[in-house]
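# What the coordinates show
What follows is the residue order along each chain.
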Amino acid sequence: MRVLVVGAGFAGGMAAVRLAGRSRGRVDVTVVNPRPTLVHRLRLHQVAVGHPVAAPSLRDTLGPDITFVEGHVTALDPDAGRATVTGPDGVRRLAFDRVVLATGSTTEPVPVPGGEDVHGVGDLAAARRLRTAFAALPAGAQVAVVGGGFTGLETVTELAEHRSDVRVRLVTSGEVGGWFTPPAAEHVRRTLGRLGVEAVGDARVHAVEPDRLLLGDGGHVPSDLTVWCGGFAAPPLARESGLAVDRQGAVLTDAALQSVSHPQVLAVGDAGHAPGPRGERYSMSCQFGFPSGAHAADVLRDEALGIVPDGGPAALDLGFQGRCVSLGRRDGVLQLTTREDVASGRAWTGRGVSVFKELVLRGVGRTVGVSRRMPGAVRWPGAGRDGTGREASRDTETVAG
Ligand SMILES: Cc1cc2nc3c(=O)[nH]c(=O)nc-3n(C[C@H](O)[C@H](O)[C@H](O)COP(=O)(O)OP(=O)(O)OC[C@H]3O[C@@H](n4cnc5c(N)ncnc54)[C@H](O)[C@@H]3O)c2cc1C
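Residues numbered from 1 in each chain as written. Predicted model: local features only at pLDDT ≥ 70, side-chain atom pairs only at ≥ 80, totals over all residues. Heavy atoms only, no water.

The test is simple: UniProt positions are given in the numbering used here, feature names are shortened, and annotations may be inferred rather than shown by experiment.
You'll find the chain entered in an unreviewed UniProt entry as FAD-dependent oxidoreductase, with Georgenia halophila given as the organism. Among the UniProt annotations of the chain, the heading Cofactor (unreviewed entry) holds the following wording: "FAD". Its UniProt record gives the chain a comment under Sequence similarities (unreviewed entry), which states: "Belongs to the NADH dehydrogenase family."

Written as structure tokens, this is what we have:
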């Protein structure tokens, strides 16, 4: 069986090495990725402030059992089993029996007037552009980060900690820190204050002008440089290939991660919209990326080995455990969640969490390489029978550095 994996982020890398390592030589795995090195997307806000980030070789990471092709899949015909790849060696065609779409995501097209001029941290090129623009700002300049989710929080704190001579604001449509349990949210707001970040909550941006953001209530926020962390969207390849996709361009799949329109296509990581335990898609995260890549590999391995489970390929059973968010380099929040990814229970905060997060980031960067050597190593918790997870409690605990 010829399996083509499009995209070598964490999800695609995991799918490829696990499949190659567990299919007893019955599967030829080819991976296509636009660059020959791994992009550690969880560190892109660090790239934006000039922090050096390691970029390991994909050929080394994937190993000799996988064919690596540097290039961009520019056209995909799932029915004919053909892909067109454009890369440094020109245009070539690849044939496949099954394809794993692992093309990830990037900053969504900004849905307001003036949005074409904003910055982002959704992909490496954008983070590098932001690095140049942020470094060139004069003292006293105004910066606005739009979006109070995890990426917005990590980005705004990183920028503020890096340059105390510019005025940094967080503009978000909801409550600042609203996703966390109340004590952890309070810690987030205190930390923003300590870093000099002005938090503007319950604000909807209606337009971006060169020196300010216009808000829905008629107000405005000064901004010489705007960073959009309002949401991510999938690249256009899936939609252009005729696959059924959601509004963000992610492939609609069943619980086994097979496309609902083209079962020969599996979609993993940020590129896939699988039904999560609450009916919504799983959040775009490594907690979904690694297990989904591993599960897709197992579905394809079973098919290649002729193991046909009763009732078709197994559904992904995945439960979330917690979220670890850095708030600059000296603070963070580790928040427990229910299996359904709702903040609940204990949260740890402080310098110890930032140390823990750094260890997590290092571990994430090594996971594909480790899985190549031990292809069955990655395991994950299931959703649990009642799906409700822990009882909510209001604890937080500060972790000393
Ligand atoms: C700043 C930031 C901080 C984050 N922090 C966290 C965090 O703390 N915890 C967490 O769980 N998640 C975090 N995330 C989200 C996390 O990074 C993503 O969920 C994860 O990287 C998704 O992995 P992926 O493999 O699906 O996609 P990606 O990592 O985006 O990889 C997709 C790959 O596909 C390639 N590709 C795209 N189109 C094509 C094509 N047509 N042909 C060939 N290749 C293609 C891309 O170039 C890329 O290499 C963060 C994201 C950002 C941006």
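Still more to cover.
## A look at the packing of helix α1 (residues 10–22) against helix α9 (residues 351–373)
Basically, it comes down to this: Helix axes use the C-alpha atoms of the stretch in contact, all axes being lines fitted to C-alpha atoms, and the angles between their N-to-C directions lie in the range 0 to 180 degrees. Elements are defined by DSSP. Helices are runs of H or I of four residues or more, strands are runs of E of two residues or more, and each kind is numbered from the N terminus. Each angle is binned into one of four classes, with values under 35 degrees roughly parallel, values over 145 roughly antiparallel, values of 65 to 115 roughly perpendicular, and all other values oblique. With the far helix as reference, a near helix turned anticlockwise by less than a right angle produces a left-handed crossing, and one turned clockwise produces a right-handed crossing. Residues count as neighbours in contact if any of their non-hydrogen atoms are within 4.5 Å of one another.
Remark: α1 packs on α9, axes separated minimally by 8 Å, with the N-to-C direction vectors making an angle of 10 degrees. In terms of axis orientation, α1 runs roughly parallel to α9. Here α1 runs over α9; the crossing is left-handed. Judged by residue contacts, Phe10, Gly13, Met14 and Val17 of α1 engage Val364, Gly365, Thr367, Val368, Ser371 and Arg372 from α9.

## What about the site of the ligand?
Using the following cut-off: If a single non-hydrogen atom of a residue is within 4 Å of a molecule or strand, that residue counts as near it. Between N or O atoms, a polar contact is any pair within 3.5 Å; within protein, one atom must be a potential hydrogen donor and the other a potential acceptor, and residues adjacent in sequence are included only when both atoms are from side chains. Each accessible area value is a Shrake-Rupley result obtained with a 1.4 Å probe; residue values ignore everything except the protein chains displayed when judging cover. We call Asp, Glu, Lys and Arg charged. Ala, Val, Leu, Ile, Met, Phe, Trp, Tyr, Cys and Pro are nonpolar, and the rest, Gly among them, are polar. Where each domain begins and ends is defined by an automated method or by a domain database.
Around the ligand sit 30 residues in total, of which Asn33, Val73, Asp270, Cys286 and Lys357 are the nearest. Arg41 places a side-chain nitrogen or oxygen 3.1 Å from an oxygen atom of the ligand. Within the side chain of Asp270, one N or O atom sits 2.8 Å away from an oxygen atom of the ligand. Bound to the protein, the ligand loses 89% of the 990 Å² it would expose on its own. Looking at the shell around the ligand, the elements that each hand over two or more residues are α1, β2 (28–33), β4 (72–77) and α5 (150–162). For the shell around the ligand, the class distribution of residues is 14 nonpolar, 12 polar and four charged. Looking at which domains feed residues into the shell around the ligand, each of domain 1 (2–105 + 234–320) and domain 2 (108–228) gives three or more.

## Quick word on the packing of α1 against helix α8 (residues 286–304)
Taken N-terminus to C-terminus, the directions of α1 and α8 make an angle of 30 degrees; their axes are 8 Å apart at the nearest point. Overall, the two elements α1 and α8 adopt an arrangement that is roughly parallel. Both α1 and α8 take part in a crossing whose hand is right-handed. For the pair α1 and α8, contact is made by Phe10, Ala11, Met14, Ala15, Arg18, Leu19 and Arg22 and by Cys286, Gly289, Phe290, Gly293, Ala294, Ala297, Asp298, Leu300 and Arg301, respectively. For the contact of α1 with α8, the residue count by class is 10 nonpolar, two polar and four charged.

## Description of the side chain of Ser326
Note that Ser326 resides in strand β20 (residues 322–326). The contacts of Ser326, once residues within four sequence positions are left out, are His45, Leu153, Glu154, Thr157, Asp331, Gly332 and Lys357.

## What about the packing of aromatic side chains?
Using the following cut-off: Between the rings of Phe, Tyr and Trp (Trp by its six-membered ring), a pair exists once the centres lie within 6.5 Å; its type follows the angle of the planes, with under 30 degrees stacked, over 60 edge-to-face, and the other angles tilted. A simple rule labels every residue: compare its accessible area, found with a 1.4 Å probe on the protein chains alone, to the largest value its type can have, and call it buried under 20%, exposed over 50%, or partly exposed in between. Here, over-ring charges are defined by two tests on the NZ atom of lysine or the CZ atom of arginine: distance to the ring centre within 6 Å, and angle to the ring normal within 35 degrees.
What the rule picks out here adds up to six aromatic pairs. Relative to Trp179, the ring of Phe150 lies with its centre 4.8 Å away and its plane at 75 degrees, an arrangement referred to as edge-to-face. Linking Phe150 in helix α5 with Trp179 in the loop between β10 (167–171) and α6 (182–194), this pair joins segments that are 29 residues apart in sequence. By relative accessible area, which is 22% here, Phe150 ends up partly exposed. Ring geometry for Tyr282 against Phe288: centres 4.8 Å apart, planes inclined by 15 degrees, an arrangement best described as stacked. Both residues of the pair, Tyr282 and Phe288, belong to the buried class. An aromatic cluster is present here, built from Phe150, Trp179 and Phe180 joined pairwise through their rings. Sitting above the plane of the Phe134 ring, Arg163 keeps its charged end 5.8 Å from the centroid.

## Describing the sheet that holds strand β3 (residues 66–70)
Where we set the bar: When DSSP finds two or more bridges between a pair of strands, those strands are recorded as paired.
The strand order across the open sheet formed by five strands is β3-β2-β1-β7-β18, and the pairing between neighbours is parallel. In this open sheet, the two strands that pair with only one neighbour each are β3 and β18 (265–267). When the angles between neighbouring strand axes are averaged without regard to direction, this sheet yields 20 degrees. Where strand β7 (residues 98–101) meets β18, three bridges bridge the pair, whose relative direction is parallel. The residue of β18 that forms the bridge with Val100 is Leu266. Taken strand by strand, α1 contacts β1 (2–6), β2, β3 and β7, and its axis lies near 165 degrees from that of β2.

## Some words on unusual backbone geometry
Negative phi values dominate among residues other than glycine, just as trans dominates among peptide bonds. For Arg24, which is not a glycine, the phi torsion comes out positive at approximately 50 degrees. With respect to the helices, strands and loops of the structure, Arg24 is situated in the loop between α1 and β2. One non-glycine residue, Asp202, lies in the positive phi region at around 50 degrees. Topologically, Asp202 is positioned in the loop between β11 (198–200) and β12 (205–209).

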